[in-house]
Amino acid sequence: MKEFFRKKLVALKRRPQIIAGVVLVVSFLIYALKLRVISDTTARINTAGMGLCGFVTMLFSILSFVCFLNSFPRRKKANIPMLVLFFLMQGAIIFCDFIYYSRVKDAILAEIAKGTAAEMFSKNPFVRESYNMLQIHMVSVIVTLALTALVPVYGKLLRKINTSVEVEGNEDIAAIEIASED
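Just so we're clear, the structure is a prediction, and the values are computed from it rather than from any experiment. Every chain is numbered independently, its residues counted from 1 as its sequence is written. Given that the model is predicted, a residue must reach a pLDDT of at least 70 before its local features are reported, and side-chain atom pairs must reach 80 or more before they are shown or counted; all residues, however, enter totals for whole chains, interfaces and linings. Processing note: side-chain calculations cover all non-hydrogen atoms of the structure and skip hydrogens and water entirely.

Trainee: Give me the overall build of the protein chain: which residues, what numbers.
Mentor: Secondary structure is summarised from DSSP: a helix means a run of H or I of at least four residues, a strand means a run of E of at least two, and numbering begins at the N terminus for each. Along its length, the protein chain carries 9 helices and 0 strands. The linear arrangement of helices and strands in the protein chain, starting from the amino end, is α-α-α-α-α-α-α-α-α. Exposed residues in this analysis have more than 50% of their type's maximum accessible area, buried residues have under 20%, and partly exposed residues fall in between, with area computed by a 1.4 Å probe over protein chains only. Counting every position in the protein chain, which comprises 182 residues, the buried fraction comes to 34%. For this analysis, residues touch if any pair of their heavy atoms sits within 4.5 Å. Of the contacts made within the protein chain by residues no fewer than 6 positions apart, 79% connect residues no fewer than 24 positions apart.

Trainee: How would you summarise unusual backbone geometry if you had to cite specific residues and measurements?
Mentor: Phi at Asn46 takes a positive value of approximately 50°, unusual for a residue other than glycine. In this fold, Asn46 is placed in the loop between helix H3 (35–45) and helix H4 (50–71).

Trainee: Outline the side chain of Ser27, listing residues and values.
Mentor: Note that Ser27 resides in helix H2 (residues 17–32). Look at Ser27 and you get buried, because its relative accessible area is 3%. If sequence neighbours within four positions are ignored, Ser27 has contacts with His137, Ser140, Val141 and Thr144.

Trainee: Residues and numbers for the packing of aromatic side chains, please.
Mentor: Pairing of aromatic side chains here covers Phe, Tyr and the six-membered ring of Trp, requires ring centres within 6.5 Å, and sorts the geometry by plane angle: under 30 degrees stacked, over 60 edge-to-face, intermediate tilted. The full count for this structure, using the stated rule, is 5 aromatic pairs. Ring centres of Phe68 and Phe86 lie 5.5 Å apart, and the angle between their planes is 55°; this geometry places the pair in the tilted category. In this pair, Phe68 is assigned in helix H4 and Phe86 in helix H5 (residues 80–114), connecting sequence segments 18 residues apart. Of the two residues, Phe68 and Phe86, both sit in the buried class.

Trainee: Give a detailed account of the packing of H3 against H4, specifying residues and quantitative values.
Mentor: Where H3 meets H4, the axes come as close as 9 Å, and the angle between the chain directions of the two elements is 165°. Looking at the two axes, H3 sits roughly antiparallel to H4. In this structure, H3 crosses over H4, and the sense of that crossing is left-handed. Counting all contacts with H3, which are made through Leu35, Thr41, Thr42 and Ile45, the residues of H4 involved are Met50, Gly51 and Met58. Of the residues assigned to the contact of H3 with H4, the class counts are 4 nonpolar, 3 polar and no charged. As a rule, the C-alpha atoms of each element are fitted with a line to give its axis, helices using only the stretch in contact, and angles between N-to-C directions run from 0 to 180 degrees. An angle counts as roughly parallel when it lies under 35 degrees, as roughly antiparallel when it exceeds 145, as roughly perpendicular when it falls between 65 and 115, and as oblique in every other case. The hand of a helix crossing depends on one turn: near helix anticlockwise from the far one by less than a right angle means left-handed, and clockwise means right-handed. All residues other than Ala, Val, Leu, Ile, Met, Phe, Trp, Tyr, Cys, Pro, Asp, Glu, Lys and Arg, Gly among them, are scored as polar; the first ten of these are nonpolar and the last four charged.

Trainee: Now, about the pattern of salt bridges: what can you tell me, with residues and values included?
Mentor: Whenever a carboxyl oxygen of Asp or Glu lies within 4 Å of a side-chain nitrogen of Lys or Arg, that contact is scored as a salt bridge. A complete count under the given rule lists 3 salt bridges for this structure. Among the ionic pairs, Glu129 bridges to Lys34, the shortest N-O distance being 2.5 Å. Here Glu129, found in helix H7 (residues 125–149), pairs with Lys34, found in the loop between H2 and H3; they are 95 residues apart in sequence, far enough to count as distant. The class of Glu129 is partly exposed, set by a relative accessible area of 30%.

Trainee: Go over the state of the cysteines, please, and point to the residues and values.
Mentor: Any pair of cysteine sulfurs within 2.5 Å is marked as a disulfide. Summed over the entire model, instances satisfying the criterion amount to 0 disulfides. The thiol of Cys53 is not disulfide-bonded; the next cysteine sulfur, from Cys96, is found 4.4 Å away.

Trainee: Residue-level account of empty space enclosed by the protein, with values.
Mentor: Over the atoms, a rolled probe matching the size of one water molecule traces out where space is still vacant. Lining residues are defined by having an atom within 4 Å of a point belonging to a cavity or pocket. Those points lie on a 1 Å grid over the protein atoms alone, cavities being sets where a 1.4 Å probe fits but cannot get out and pockets being open sets with protein on both sides within 12 Å along at least five of seven lines. Grid points are joined across faces, edges and corners, and a volume is the space filled by probe spheres set on the points. If you walk through the whole model with that rule in mind, you get 1 cavity of 30 Å³ or more. In this structure, the largest cavity occupies an estimated 50 Å³ of space. Along its surface, the largest cavity is lined by Leu24, Ser27, Phe28, Ser61, Ser64, Gln90, Ile93, His137 and Val141. Elements with a minimum of two residues in the lining of the largest cavity: H2, H4, H5 and H7. Of all the elements, H2 adds the most residues to the lining of the largest cavity, at 3 residues. Across the lining of the largest cavity, the residue classes break down as 4 nonpolar, 5 polar and no charged.

Right under this line is the structure:
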């Protein structure tokens, strides 16, 4: 078990961007697995731009995987244009999530003003679920951006961790080699 974790730590030392990649996958899954909820909310509220925001969020979520993977090629420096494109797409995702979130919030406030909010939530529980999910998704995208931007920082910190394996008898090798030459 100890060797398993040591190997995983060595892999992280070599490619620290894996941490940001895992958070990117989690962020994508948060949105993709609740896409039915987003679609139902769009059909129920149906204000201007909601469908487009949902589409752009899903499209850029998929395309940002490609940009992220191409930003950090193996054994090469980071591909800066792809990294910039990744950050732009993630920014667009946050913007679209915020627009969608504000439209859902406005619809909820309008229902509260009419006094029919309890009825709307009882008939359409997906509206509240999408409202909460969008908050979580925006936070996870921001965490992804922060971890991607901080790859050089925690990469250096990970490299400072000693993952070498102590092998018994290594200190006598120099004495053995000198003795065999005589």
